[in-house]
Amino acid sequence: MSALADLPPLRQSLEAHGLMADKGLGQHFLLDLNITRKIARLAGPLEGVRVIEVGPGPGGLTRALLEAGAHVIAIEKDARFLPLLNDLRDVADDRLQIELADALKADEATLTGGAPVAIVSNLPYNVGTALLIKWLTGPYRPASMTLMFQKEVAQRIVARPGDDAYGRLAIIAQATSQAKIVMEAPARAFTPPPKVDSAVVRLDPLDQRPPEALIAALERVSQAAFGQRRKMLRSSLKVLGGAALCDAAGIDPARRAETLSLEEFMGLAEALRRAEGAN
Ligand code: SAM
């Protein structure tokens, strides 16, 4: 039986199967195995570890995950890649499960039998943020996430108060996980190159995730506050209680969203829950 190492270079596999990138599906491929191996390393030791990969495409990252010893559940929406991925499965010693599905609709708990697994992906740009929110706030809780995003999205995930990129995504990501940019990838690393650079973010979910209702309140507060980020909170939060809500959380209503720490947003979310519970 042939082995992973005997597979042809990715570019050759794509050509052999007559495959071209479909930009509508956010397809920008990593064909350099040195890069995909680095991403696999950033996901931590993977020997015997179960991994979900969204969007394997031609399988460059999938190969690296398998080489590192992972058991991979690969969710791909584009059926054109199935023959190529089947070639990979043939040499993967029963460690590659291929699911033809839309990852936004996939039920990770069913796919994994409920076990928390690592998620490692070079995500399609058009659904990257939606998938991240699903994994951070939805019922299925991954053990860790090592995810390639557009650099601008990566910066929004890890942004701190005062940063231009600080907003709702930073609040939700940091309220539920430890998030860090662990690698940058220039546009030229991809085939075809996208218009923007990319970065890998490693997210480790907190042991104690805030309760669902508090996260929902946090989303509403941060959405309203950053929806009018240059305005004072008394005005941007008007629909949620304005100055009275700020007072209840011990926050000066003359401040602006971008100056508030995560803890202060949590305080506003808790005050909103108390106020609505009291009505
Ligand atoms: N992992 C490959 C690589 O690094 O070369 C491909 C990455 S490419 C940025 C994104 C992949 O996600 C494509 O293969 C695309 O077909 C797939 N994709 C796009 N939307 C998807 C969705 N909703 N569910 C599952 N896969 C999706």
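None of the values given here were measured: they were computed from a predicted structure.

J.: Teacher, can you tell me more about the domain arrangement of the protein here?
T.: How big an interface is tends to be expressed through the accessible area that disappears when the partners come together. Along its sequence, the protein is carved into domain 1 (2–205) and domain 2 (212–278). Centre-to-centre separation of domain 1 and domain 2, based on C-alpha positions: 34 Å. Buried area between domain 1 and domain 2, summed over both chains or domains, comes out near 1100 Å², and the portion from carbon and sulfur atoms is 67%. Joining domain 1 to domain 2, the criterion identifies 1 salt bridge. The closest approach of N and O atoms between Arg 168 and Glu 219, which form a salt bridge, is 3.5 Å. Linking domain 1 to domain 2 there are 5 residue pairs in polar contact (both at pLDDT 80 or more). Of all the secondary-structure elements, those providing two or more residues to the side of domain 1 that touches domain 2 are α6 (128–137) and α8 (168–176). By residue number, the principal contributor to the side of domain 1 that touches domain 2 is α8, which donates 6 residues.

J.: Teacher, can you tell me more about the pairing of strand β1 (residues 50–54) here?
T.: Consecutive side chains of a regular strand alternate in pointing toward one face of the sheet and then the other. Counting buried positions along β1 gives 4 out of 5 residues, so the element sits mostly inside the fold. Across 5 bridges, β1 lies against strand β2 (residues 71–76) in parallel orientation. By the bridge assignment for β2, Glu 53 is matched with Ala 74. Each parallel crossover has a hand, and for β1 linked through helix α3 (residues 60–67) to β2 it is right-handed. In this structure, β1 lies alongside strand β4 (residues 118–122), joined through 2 bridges in parallel fashion. Bridge pairing links Ile 52 to Ile 119 in β4.

J.: Quick question: what am I supposed to make of the pattern of salt bridges here?
T.: Between side chains of opposite charge, a pair can form as their charged atoms come close. Inspection of every chain in the model, using the stated rule, returns 11 salt bridges. Between Glu 67 and Arg 37 there is a salt bridge whose closest N-O contact spans 2.7 Å. A residue pair is termed long-range when its members are at least 10 positions apart, and Glu 67 in helix α3 and Arg 37 in helix α2 (residues 33–42) qualify at 30 residues. On the basis of relative accessibility, which here comes to 36%, the residue Glu 67 falls in the partly exposed class.

J.: Quick question: what am I supposed to make of the environment of Met 148 here?
T.: As for its position among the elements, Met 148 is in strand β5 (residues 144–150). Relative accessible area serves as the criterion here: at 1%, Met 148 is assigned to the buried category. Met 148 sits 127 residues away from Ala 275 along the chain, and the two C-alpha atoms are 39 Å apart. With near-sequence residues (within four places) excluded, Met 148 lies in contact with Leu 30, Ile 39, Ser 121, Asn 122, Leu 123, Ala 185, Phe 190, Ser 198, Ala 199 and Val 200.

J.: Would you take a moment to explain the environment of Leu 65 for this structure?
T.: With respect to the secondary-structure elements, Leu 65 resides in helix α3. In this structure Leu 65 comes out as buried when scored by relative accessible area, which is 0%. Sequence-wise, Leu 65 and Glu 53 are 12 residues apart; in three dimensions their C-alpha atoms are separated by 9.1 Å. Setting aside chain neighbours within four positions, we find Leu 65 in contact with Ala 40, Leu 46, Val 51, Glu 53, Ala 70, Val 72 and Val 120.

J.: Which parts of the structure should I look at to understand the packing of aromatic side chains?
T.: A ring pair, where both rings are aromatic, is described by two values, the distance of the centres and the angle of the planes. The full count for this structure, using the stated rule, is 3 aromatic pairs. Ring geometry for Phe 29 against Phe 81: centres 5.6 Å apart, planes inclined by 80°, an arrangement best described as edge-to-face. Within this pair, whereas Phe 29 is found in the loop between α1 (10–16) and α2, its partner Phe 81 is found in the loop between β2 and α4 (82–90), the two being separated by 52 residues in sequence. Among the aromatic residues, those joined into a ring-pair cluster are Tyr 166, Phe 226 and Phe 265.

Here is what the cut-offs are and how they apply
- Residues numbered from 1 in each chain as written.
- Predicted model: local features only at pLDDT ≥ 70, side-chain atom pairs only at ≥ 80, totals over all residues.
- Heavy atoms only, no water.
- Domains from an automatic or database assignment.
- Buried area = accessible area lost by both parts, 1.4 Å probe.
- Salt bridge = Lys/Arg side-chain N within 4 Å of Asp/Glu carboxyl O.
- Polar contact = N/O pair within 3.5 Å; in protein donor to acceptor, adjacent residues only side chain to side chain.
- Helix = DSSP H or I, 4+ residues; strand = E, 2+ residues; numbered from the N terminus.
- Buried < 20%, exposed > 50% of the residue type's maximum accessible area, 1.4 Å probe, protein only.
- Pairing = 2+ DSSP bridges.
- Right-handed = clockwise from strand over helix to strand, strands pointing away.
- Contact = heavy atoms within 4.5 Å.
- Phe/Tyr/Trp six-rings, centres within 6.5 Å; stacked < 30°, edge-to-face > 60°.

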